[in-house]
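# Commentary on secondary and tertiary structure
Each chain, written out:
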Amino acid sequence: MLTGVQPQFKHGQAIENGGVLCAIPALIAQGLFTHSQIYEPFSRGYYQQSSIVLTLAIMALCRIPNPEQLKQHRSGELGALLGLDRVPEMKCLREKINQIVDQQKAKQWNDLLLEHWLEPIQNEEDFFFYVDGHIRVYHGHKANLPNKYVPRQKLCLNATTEFWVNDPTGLPYLVVTGELNEKLEEVIKESIIVQLMENPTIQKRQKDQCAVLFVLVFDREAYHPSFFNWLWVTHKIAIITYRKNVKDSWPETDFKSIECQVIMNKITMQLCEKETVLDGHTFREVRKLSAGGHQTAIIATHPTLIIALIAGAMFSRWSQENCFKYLIENFDFDKMWKYGTEELADTKQIVNPEYRNLTQKIKKTREKKSRLLAQLAQQINEILDTAIDKIPQYSAKQTAITQQIETVKKEEDILVKKREQSPPKITLADMPAEKRYNQLKPEHKHFINIIKMICYRAETSLLQTLKPFTNAINHEERMTLKQLFKTPADIIPHYINKTLTIKIKGLAANRYNQAIKQMLEELNNTKTVYPQTELLMIFEM
């Protein structure tokens with residue numbers, strides 16, 4: 001029985017997308033092939049599991065959004081990148097993905113990768129974890145999903161939320177998929193902290209009794225002073241976030257010019273620090289004074305972090321937004337990879353939709369009542385300055401408005417009484433069967449997210465290698481890499497010498513060729529062996 005073909009390279013000239021093989025050293029370094037430590041291999045078939053995983057990574061780097069788009073490319077030439085005679089066709093690839101995903105081990109793989117990515121970290125400043133939610137809009141009809149506010153569209157739409165954890169430069173660490181309308185505070189407390197504290201590197205820090213276990217950076221969505229205090233007292237986890245409901249201003253003379261590093265850039269800010277008490281808990285408060293006089297308030301619980309690092313860490317949060325934006329534009333980030341839904345536990349509590357609808361109606365009714373009261377007040381003021389012969393006209397209008405106010409008050413009372421009879425929260429079992437919430441199948445998306453995490457990290461790693469040789473002013477590094485991945489290349493195996501030479505064809509401009517040539521020299525120093533073979537990869541222009 002065939003259990004997977006080993007890669008066997010043949011001499012090929014101008015192989016389509018051959019330049020993407022330059023990413024193999026970075027993909028290996030980022031842990032792409034650690035999947036074999038988690039997933040059981042295929043029991044039969046032509047393709048090995050590593051070939052399928054590498055195919056998905058090559059698709060992501062070459063901007064092939066889904067298996068259906070493989071038909072737009074030559075299967076033989078894509079197969080040559082794998083050392084096979086052809087790449088899996090769409091139906092075969094989806095079947096192989098299903099065989100992997102059915103093992104339900106995406107979280108275990110993510111945990112292993114997190115250990116792989118955290119292990120080399122030595123600096124205290126690197127144990128900063130940026131947490132944010134990404135809303136993925138659902139346009140289908142099979143799933144009953146709750147509405148979520150989508151900031152980029154300024155609409156409430158059916159959607160799911162993925163909660164991402166990134167490093168200070170925007171590189172992703174892990175992702176947690178929300179089931180319904182979980183708040184960021186709830187996800188941090190019940191999922192993200194648990195997953196981070198299961199990591200051996202974090203456990204070692206805990207065993208060594210580090211003064212601060214790690215630092216979480218997030219926006220106002222998780223703002224709750226008691227929660228911040230609980231994190232610090234219980235786990236020695238520090239936080240940095242924006243303060244809400246700031247009503248006072250500090251004297252501008254208290255602010256000083258301090259140089260901070262924000263996303264790899266040096267910036268001078270006007271900063272000031274003072275102690276503040278919120279909900280009975282004492283925090284460090286740092287404020288940034290803008291040129292227009294606005295003061296941005298930041299709350300921190302780290303006892304020793306200098307003010308420049310607190311401000312720099314908070315304003316570096318945009319690195320995570322930049323990561324989301326790049327993934328959406330280049331990796332088809334929000335793509336649904338598997339149709340179908342899963343039922344949720346009947347005991348799961350949610351906000352009662354009827355209670356929420358009644359609250360909205362009460363709000364609208366009270367707004368209408370306020371407008372009528374304002375009109376009535378205006379009528380009374382006008383009567384005081386009106387001639388006596390015109391008073392009956394105003395009296396008639398006043399009477400009509402008063403009747404409308406009484407009607408609206410009765411509507412409000414009815415709605416309030418209805419709401420009093422509706423519980424604020426219910427379980428899913430209490431919902432009508434046709435309206436009961438469920439969720440999209442999360443395992444496929446989680447698995448593909450991990451592949452794209454690795455690819456994004458690998459591309460960023462290559463970017464750092466390429467950066468010294470490109471025009472930093474024009475920020476050409478990622479554009480150059482995207483061009484490289486789609487550039488044809490000669491593939492020249494030499495099984496006697498155990499080498500695999502990748503000869504890249506020319507790019508669009510000579511300056512790109514010169515930069516790539518120098519980068520290839522750095523890649524050759526890694527002495528990378530192509531996976532599942534004994535062939536040493538040699539890169540040339």
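Being a predicted model, the structure only gives us computed values, none of them experimental.

## What to know about the pairing of strand S4 (residues 155-166)
Pairing of strand S2 (residues 128-137) with S4, which is carried by 8 bridges, proceeds in the antiparallel orientation. Paired with tyrosine 130 across the two strands is asparagine 166, which belongs to S4. Both strand S3 (residues 147-150) and S4 contribute to a ladder of 4 bridges, which runs antiparallel. Bridging across to S4, valine 150 finds its partner in leucine 155. Between S3 and S4, which pair antiparallel one after the other, the connecting turn spans 4 residues, and lysine 154 there sits at a positive phi close to 55°. Pairing of S4 with strand S5 (residues 172-177) involves 5 bridges; the strand directions are antiparallel.

## Here we look at the packing of aromatic side chains
This structure, assessed with the given rule, holds 19 aromatic pairs. Considering the side-chain rings of phenylalanine 227 and tryptophan 230, the 6.4 Å spacing of their centres and the 15° angle between planes classify their relative orientation as stacked. Of this pair, phenylalanine 227 and tryptophan 230 both sit in helix H8 (residues 225-235), separated by 3 residues, roughly a single helical turn. Using a relative accessible area of 3% as the deciding quantity, one classes phenylalanine 227 as buried. Ring centres of tyrosine 326 and phenylalanine 331 lie 6.2 Å apart, and the angle between their planes is 55°; this geometry places the pair in the tilted category. Both residues of the pair, tyrosine 326 and phenylalanine 331, belong to the buried class. Each residue in the set Phe218, Tyr223, Phe227, Phe228, Trp230 and Phe283 is aromatic and connected to the rest through ring pairs, giving one cluster. Over the ring of phenylalanine 127 we find arginine 205, and its NZ or CZ is 4.1 Å from the ring centre.

## As for the sheet that holds strand S1 (residues 12-15)
Taken together, the 4 strands give an open sheet; going across it, the order is S1-S16-S17-S18, and neighbouring strands pair in mixed fashion. The open sheet has two edge strands with one neighbour each: S1 and strand S18 (536-540). Neighbouring strand axes in the sheet, compared pairwise and without regard to direction, differ in orientation by 20° on average. With 6 bridges joining them, strand S16 (residues 489-494) and strand S17 (residues 499-504) adopt antiparallel strand pairing. Pairing of alanine 489 across the sheet is with isoleucine 504, part of S17. Contacting S17 and S18, helix H15 (residues 510-524) runs over the sheet at an angle of about 165° to S18.

## Digging into the environment of threonine 399
The topology assignment puts threonine 399 in helix H12 (residues 391-420). Sequence separation between threonine 399 and leucine 376 is 23 residues, and the spatial gap between their C-alpha atoms is 9.2 Å.

Reading guide: rules and limits
- In every chain, residue numbers begin from 1 and rise along the written sequence.
- Only residues with pLDDT of at least 70 are given local features in this predicted model, and only at 80 or more are side-chain atom pairs given and counted; all residues enter the totals for whole chains, interfaces and linings.
- Processing note: side-chain calculations cover all non-hydrogen atoms of the structure and skip hydrogens and water entirely.
- Here, a strand pair is defined by DSSP locating no fewer than two bridges between the strands.
- Only DSSP runs of H or I with at least four residues qualify as helices, and only runs of E with at least two residues qualify as strands; both kinds are numbered from the N terminus onward.
- Any two of the Phe, Tyr and Trp rings considered here, Trp counted by its six-membered ring, make a pair once their centres fall within 6.5 Å; the pair's planes then place it as stacked at under 30 degrees, edge-to-face at over 60, or tilted in between.
- For every residue, the accessible area obtained with a 1.4 Å probe (protein chains only) is divided by the maximum for its type, and the residue is called buried under 20%, exposed over 50%, and partly exposed between those limits.
- Any Lys NZ or Arg CZ that is within 6 Å of a ring centre and within 35 degrees of that ring's normal is treated as a charge sitting over the ring.
- Angular values range over 0 to 180 degrees, each being the angle between N-to-C directions of two axes fitted as lines to C-alpha atoms, with helices fitted over their stretch in contact.
- Any two residues whose heavy atoms approach within 4.5 Å at even a single point are treated as in contact.

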